[in-house]
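Remarks on the overall topology
The primary structure of each chain is shown beneath.
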Amino acid sequence: MQIHISPNDGVPIYLQIVNQVKYLVGSGRLSPGEEIPPIRVLAQQLLVNPNTVARAYLELEREGVVAKRHGSGTYISETGSPLARRERLKILTQRADALLAEARHLDVDLDEVIKLFRERQEILARSQK
Amino acid sequence: MKTDSSPPTDPVVEIKGLSRRFGAKLALDNVSLCVPRGMVFGLVGENGAGKTTLIKHVLGSLKAQSGEVSVFGLDPVTDPVGVLGRVGYLSEQRDLPLWMRMDELLRYTQAFYPTWDVGYAEQLRRQFGLDPASKIKSLSRGECAKAGLLLALAHRPDLLLFDEPSSGLDPVVRRDILEAIIRTVADEGRTVFFSSHMLDEVERVSDHLAMMVNGKVVLCGLLDAVKESHHRLTLRFGTAPARPPSLAGALIVHGGGQEWTVICNGALGELIAEAASLGARVVEQGVPSLEEIFVARVGARVLRTQPSSDL
């Protein structure tokens, strides 16, 4: 599980872990049923306080992203797919918001943005042939 | 099973009203703090803020002039054996006997600690890549730090006491030190009390934090609570104010023209309402990093000591 922590970016460390696990689930790099590292192992890997990792896992469990199995470990939820889709859309939503804001600043209207999307899609599709 | 009758929240280190004067300089000014068991407690402050003086009182190498220091419920000055036998200490000055070889140093140190774990010491020696036949005086700075760390850990102390452990070291050794801190609390439920001016490290590994400025503790508590009680607000004014805006709870203000950024301490709702009463709206709001809070706190002190000026 590849997670990167940057203590200075203003997002609490536990939330950075939560967001990145969700991102890994959303992008399919963590599959339903896959085990994630025990708290102390991840704490040592990331060099963060174990209580911080525990808080992140608790939050992920509360949101249904992961589930604890009695006496064994913590696993990505089997019911991951609808949530994964929601998370995928959430990631795109943030990008879309940023793009729309920038379009507004640059005085480009929505129709032009959509037209640009179609054009780019065609170019990308052609280049992949 | 450990049959400990004391509650788990029992403080490992308890300091009450500690003051210390060196000549004319008040190095510690009525310092009180508590290091709870099983926690990582980070002590931050500028050079000369009193961190090392405070740690020397915990070790019992300085005696309280006024106030009280207790470690495991004992007085470190009158009961050094009871305290130091359970403490793993590492300082920036790694005073190792230079004439010894590594294996001699391990055997020599082992003699002081009944709880010394030979297997663990050997495991750490290999992990740190320390040659048993090498002379201490031939070790590099990083190797000296690793040797010091090994000596602090191998008797599995109940309290790790580190004074600026990462100072002047390369990232690999700093990582070894942070790993030792994490392992100590994660695997063994022991306690760590360390000072550092590497604020990103403190932010990564600490549960609790105390910030010292000029011998005083200006902030103390759970790291999350300290962070959540501070805000970074960017204010936008309809017309540029003639002078930096003054908000109650503002620690530091910078910016210019119509936009000013304030690091402040207080309830968010009140701060936003106050900004509105000054004719500004909040255009950006965030949680400052520990470094921003630190600079704001220390900067605020610097500003206060200068005569106020309307320029």
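Residues numbered from 1 in each chain as written. Chains lettered and ligands numbered in written order. Predicted model: local features only at pLDDT ≥ 70, side-chain atom pairs only at ≥ 80, totals over all residues. Heavy atoms only, no water.

1. Notes on the overall build of chain B
Using the following cut-off: Strands are runs of DSSP state E lasting at least 2 residues, helices are runs of H or I lasting at least 4, and numbering of each runs from the N terminus. Exposure categories follow from relative accessible area, calculated using a 1.4 Å probe and restricted to protein chains: below 20% of the type maximum is buried, above 50% is exposed, and the middle band is partly exposed. Working rule for contacts: check all heavy atoms of both residues, and any pair within 4.5 Å makes them a contact. Each accessible area is a Shrake-Rupley result for a 1.4 Å probe, and residues are judged covered by the shown protein chains and nothing else. Positive residues here are Lys and Arg, negative ones are Asp and Glu, while His and the chain termini are left out of the count. For charged residues, the charge sits on one atom: NZ in Lys, CZ in Arg, CG in Asp, CD in Glu.
Scanning chain B from terminus to terminus reveals 10 helices and 13 strands. Of all 311 residues assigned to chain B, the portion counted as buried reaches 48%. Across chain B, the fraction of contacts at a sequence separation of at least 24, relative to all contacts at a separation of at least 6, is 69%. Here chain B displays about 14,700 Å² of accessible surface, and carbon together with sulfur accounts for 53% of that area. The average position of the 34 basic charges and that of the 37 acidic charges among the side chains of chain B differ by 4 Å.

2. So, the overall build of chain A
Applied cut-off: Put simply, the radius of gyration uses C-alpha atoms, and a globule should come to 2.2 Å times the residue count raised to 0.38.
Looking only at helices and strands, one finds five helices and three strands in chain A. Mapped in sequence order, the helices and strands of chain A form the string α-β-α-α-β-β-α-α. Taken over C-alpha atoms, the radius of gyration comes to 19 Å for chain A, far larger than the 14 Å a tight globule of 129 residues would show. Projected onto the principal axes, the alpha-carbon positions of chain A cover approximately 55 × 35 × 25 Å. For chain A, with 129 residues in total, the buried portion stands at 33%. Counted over contacts in chain A with a minimum sequence separation of 6, partners at least 24 positions apart contribute 50%. Accessible surface, chain A as shown: approximately 8,500 Å² in total, 54% of it carbon and sulfur. If you average the places of the 18 positive and of the 16 negative side-chain charges in chain A, the two averages end up 5 Å apart.

3. Digging into the pairing of strand E2 (residues 25-36) of chain B
Residues and elements named next belong to chain B. For the record, the criterion: A pair of strands counts as paired when DSSP detects no fewer than two bridges linking them.
In terms of strand pairing, strand E1 (residues 11-22) meets E2 through eight bridges, oriented antiparallel. Along E2, the bridge assignment pairs arginine 21 with leucine 26. With antiparallel pairing between neighbouring strands as the criterion, E1 and E2 make up a hairpin whose turn holds two residues, including glycine 23 at a positive phi of roughly 60°.

4. Some thoughts on helix H1 (residues 13-26) of chain A
Residue and element names in this part refer to chain A. To be explicit about the condition: By definition here, a helix of n residues has an expected span of 1.5 Å times n minus one.
In this model, H1 (14 residues) spans 20 Å end to end at C-alpha, consistent with the 20 Å of a helix rising 1.5 Å per residue. A large share of H1 lies buried, amounting to 10 of its 14 residues. Taken as a whole, H1 has its buried residues at Ile13, Tyr14, Gln16, Ile17, Val18, Val21, Lys22, Leu24, Val25 and Gly26. Glycine 28 occupies a position one or two residues after H1 and carries a positive phi of about 85°.

5. Quick notes on the interface of chain B and chain A
By a widespread convention, an interface's size corresponds to the accessible area lost as its parts come together. Applied cut-off: For any pair of parts, buried area is found by adding up, for both, the accessible area (1.4 Å probe) each one loses once the two are put together. Put simply, a salt bridge is a Lys or Arg side-chain nitrogen that is within 4 Å of an Asp or Glu carboxyl oxygen. Under this definition, polar contacts are N or O atom pairs within 3.5 Å; protein pairs additionally need one hydrogen-donor-capable and one acceptor-capable atom, and for neighbouring residues in sequence, both atoms have to be side-chain atoms. Charged means Asp, Glu, Lys or Arg here, nonpolar means Ala, Val, Leu, Ile, Met, Phe, Trp, Tyr, Cys or Pro, and polar covers whatever is left, Gly included.
On the side of chain A, 16 residues touch chain B, which itself brings 21 residues to the contact. Overall, the association of chain B and chain A removes approximately 1,700 Å² of surface from exposure, summing both partners, and the carbon and sulfur fraction of that is 47%. Our count for the contact surface shared by chain B and chain A stands at one salt bridge. The shortest N-O distance in the salt bridge between B:Asp224 and A:Arg55 comes to 2.7 Å. Summed over the shared surface of chain B and chain A, the result is eight residue pairs in polar contact (both at pLDDT 80 or more). Those elements that provide at least two residues to the side of chain B that touches chain A are helix H6 (171-188), helix H7 (199-205) and helix H8 (223-228) of chain B. With eight residues, H6(B) is the largest single contributor of residues to the side of chain B that touches chain A. Split by residue class, the side of chain B that touches chain A holds eight nonpolar, two polar and 11 charged.

6. Focus on the domain arrangement of chain B
Residues and elements named next belong to chain B. Quick note on the threshold: Annotation comment: domain bounds sourced from an automatic or database domain assignment.
With domains assigned, chain B is organised as domain 1 (13-225) and domain 2 (229-305). Just the C-alpha atoms count here: the centres of domain 1 and domain 2 sit 36 Å apart. With 14 residues of domain 1 at the contact, the number on the domain 2 side is 10 residues. Both sides together, the interface formed by domain 1 and domain 2 hides about 1,000 Å², and carbon and sulfur atoms give 72% of it. Across the domain 1-domain 2 interface, the total number found is zero salt bridges. At the junction of domain 1 and domain 2, the tally comes to two residue pairs in polar contact (both at pLDDT 80 or more). Taken together, the elements giving at least two residues each to the side of domain 1 that touches domain 2 come down to strand E3 (40-45), H7, strand E8 (208-213), strand E9 (216-222) and H8. Of the residues that constitute the side of domain 1 that touches domain 2, the class distribution is 10 nonpolar, two polar and two charged.

7. Details of the pattern of salt bridges
Residue and element names in this part refer to chain A. The full count for this structure, using the stated rule, is 19 salt bridges over all chains. Of the charged contacts, one joins arginine 62 and glutamate 59 as a salt bridge, the two residues approaching to 2.8 Å between their closest N and O atoms. Placement of the pair is arginine 62 and glutamate 59 together in helix H3 (residues 50-62), with a separation of three residues, close to one helical turn. Judged by its relative accessible area of 64%, arginine 62 falls in the exposed class.

8. Examining unusual backbone geometry
All names here are of chain B. One non-glycine residue with positive phi stands out, namely arginine 156, at about 45°. Mapped onto the fold, arginine 156 is located in the loop between helix H5 (141-153) and strand E6 (159-163). Positioned with a positive phi, glutamate 164 is a non-glycine residue whose angle comes to about 50°. Take glutamate 164: it is sitting in the loop between E6 and H6. Look at glutamate 164 and you get buried, because its relative accessible area is 6%.

9. With respect to the sheet that holds E1(B)
Picture the strands of a sheet paired through backbone hydrogen bonds; they go either parallel or antiparallel. Residues and elements named next belong to chain B. Let me state the cut-off plainly: In this analysis, axes come from line fits to C-alpha atoms, helices being fitted only over the stretch in contact, and the angle between any two N-to-C directions falls in the range 0 to 180 degrees.
Spatial ordering of the open sheet is given by E2-E1-E4, a layout of three strands whose pairing is antiparallel. In this open sheet, the two strands that pair with only one neighbour each are E2 and strand E4 (66-71). Strand-to-strand, the axes of this sheet are offset by a mean angle of 15°, without reference to chain direction. Most of the contacts of helix H1 (residues 51-59) go to E1, to which it runs at about 120°, and overall it touches E1, E2 and E4.

10. Some details on the packing of H1(A) against H3(A)
Residues and elements named next belong to chain A. For clarity, the threshold we go by: An angle below 35 degrees is read as roughly parallel, one above 145 as roughly antiparallel, one from 65 to 115 as roughly perpendicular, and any other as oblique. A clockwise turn of the near helix away from the far one marks a right-handed crossing, whereas an anticlockwise turn of less than a right angle marks a left-handed crossing.
Here H1 crosses H3 at 45°, and the two axes come no closer than 8 Å. In terms of orientation, H1 and H3 fall into the oblique class. Handedness of the crossing formed by H1 with H3: right-handed. Here Ile13, Tyr14, Ile17, Val18, Val21 and Lys22 of H1 lie close against H3, whose contacting residues are Thr52, Val53, Arg55, Ala56, Glu59 and Leu60. Tallied by class, the residues present in the contact of H1 with H3 amount to eight nonpolar, one polar and three charged.

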